[in-house]
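Okay, here's what each chain looks like letter by letter:
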Amino acid sequence: MELPKFPESYWLTSTSIPSYPKLEQNIEVDVAIVGAGITGITTAYLLSKHGFNIALIEAGQILTGTTGHTTAKITAQHGLIYDELIAHIGLEKTKLYYQANDEALKFIKQTVKAHAIPCDLKTEDAYIYTNSDESLAKLSKEFQAYQQLELPSAMLPQAPLPFPTIAAIVMNDQAQFNPIKYLTALTDLAVKQGVQIYENTTAVTVDKGDQAAVVTRDGHKIAAKHVLSCSHYPFHDGGSFYFARMYQERSYALCIKPLHAFPKGMYISAEEPTRSLRTVTVNGEEMVIVGGENHKTGQGICTIKHYEALQAFAEQTLSAQEILYRWSAQDLVTLDKLPFIGQTDSDAPNIYVATGYKKWGMTTGTAAALLLEKLVMGQESPYEQLFTPSRFYADPTIKQFIKTNADVAKHLVGGKLESLNRYPEHLSNDEGAVVAVNGKRAGAYRDQDGQLHIVDTTCTHMGCEVEWNSGERTWDCPCHGSRFSFEGEVLDGPAKKPLKKIN
């Protein structure tokens, strides 16, 4: 078996995604939504049903960001989370967290049924499994949390997997689907309801006021009564210091052809490195998506090694015969592991944010849309205080804040002191590296045709030094997770400006 030479998400190849024009003028609407992933599209669909005039903008092409690179599990089972949440925020708030995600699951199922959306939706049980004695105690405590929360679940002596396990807990009646098929259908419904969509339109700031305005990189303005930041990383900080209250992680996925039929269900390991498993139908055949290998952005080993680790796991446990696709995802994790959804500025009640879904954006991103719908309409929600960006839980926020920002400081200093022993002329075709140019640190990539692309490696967010990501052919910042193409263009925030090119 060989890994595919270039990363490519199966979801994005499985569906024809419509294209939309770039915003070329000033416009005025009721609601401006920034970011056309699962939250932005679902919110636009919901609010347009109430008659709002809506503009939805996306910096690149719709659905090609984090939403297009998920494992697409629709579940309220978010790894070993519920025992931890009960300890930190109490039983009642933890119940609300489950209910918000369970309601999102039901919303997706109901929407698919109501509109007969062909998106390969399947109801599946979700399992957390272990084959480690060390993780067994954690799994038992998580099941006790399930019981306290009265969740539909059971603890089993083993998971129904084709390799040994010593215990598993199952949450019943969850689901999986093809997110791009689902969301292209939802986009079409939103457009028919009057939503205006603009691609290749980057939001850089917002003017506050009763009539706010999103300002694009090209200087155009979208005047709106309500502004919703639904982009992966918030385009507007509003004094919330999101870069210090969240960190970014990368994880990896393979779509493989197994030797034998895979059992029903969706699976994730209790121990690290994480292993995630689910089926997917490709050209009429049942394949398996194998995911895991998460690490902080810009801080992993040579990134192709993460794919190779998943490849070895798939060969050993599933007798993988072929790797059809490989791709990776970028996820934002808040310090208390709850998403930020709600009003972002204390002095601007009409500006909202939705971000920090960890690795569970299918349910949490949908839950965010359902909450934003109520907030825009001035209705109450039981989840408003739980997810508000202004919240502060002393445990574990203080501990994680110190740890996360100490890590940032280490990489900020370390990158500046790195010794340089390679030069652009040393690079082979399709190779990138940190090099010395005129005695200064630079980033160089020689493409498959032999052309050199050289950039300044100083991140345009806060001055950290980016590192080469060989698996994705990108420059990644180890401090706050910004990512840039080999030509220096911004792929992921918080950076807004490209890396400087060096001739």
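These lines cover the structure that appears in this document, whether it is placed above or below. (Residues numbered from 1 in each chain as written. Predicted model: local features only at pLDDT ≥ 70, side-chain atom pairs only at ≥ 80, totals over all residues. Heavy atoms only, no water.)

**Digging into the side chain of Ser135**
Following the sequence through the fold, Ser135 ends up in helix α5 (residues 133–149). For Ser135, a relative accessible area of 6% corresponds to the buried category. Once residues lying within four places of it in the same chain are set aside, the contact partners of Ser135 are Thr130, Ala270 and Glu271. (Helix = DSSP H or I, 4+ residues; strand = E, 2+ residues; numbered from the N terminus. Buried < 20%, exposed > 50% of the residue type's maximum accessible area, 1.4 Å probe, protein only. Contact = heavy atoms within 4.5 Å.)

**Remarks on the packing of helix α2 (residues 38–48) against helix α4 (residues 91–115)**
At a minimum axis separation of 14 Å, α2 and α4 run at an interaxial angle of 60°. What the angle tells us is that α2 and α4 run oblique. As α2 packs across α4, the resulting crossing turns out to be left-handed. Packed against α2, whose contacting residues are Thr42, Tyr45 and Leu46, the element α4 presents Phe107, Thr111 and His115 at the interface. Taken together, the residues of the contact of α2 with α4 break down into 3 nonpolar, 3 polar and no charged. (Axes fitted to C-alpha atoms, helices over the stretch in contact; angles between N-to-C directions. Parallel < 35°, antiparallel > 145°, perpendicular 65-115°, else oblique. Left-handed = near helix turned anticlockwise from the far one by under 90°. Nonpolar A, V, L, I, M, F, W, Y, C, P; charged D, E, K, R; others polar.)

**Notes on the sheet that holds strand β18 (residues 431–437)**
Reading across from one edge, β18-β19-β20 is the order of the 3 strands in this open sheet, with antiparallel pairing throughout. A strand with exactly one partner marks an edge of an open sheet, and here the two such strands are β18 and β20 (452–455). On average, each strand axis in the sheet is inclined to that of its neighbour by 30°, with strand direction left out of account. The pairing of strand β19 (residues 440–446) with β20 spans 4 bridges and is antiparallel. For Ala444, the partnering residue across the bridge sits in β20 and is Ile454. (Pairing = 2+ DSSP bridges.)

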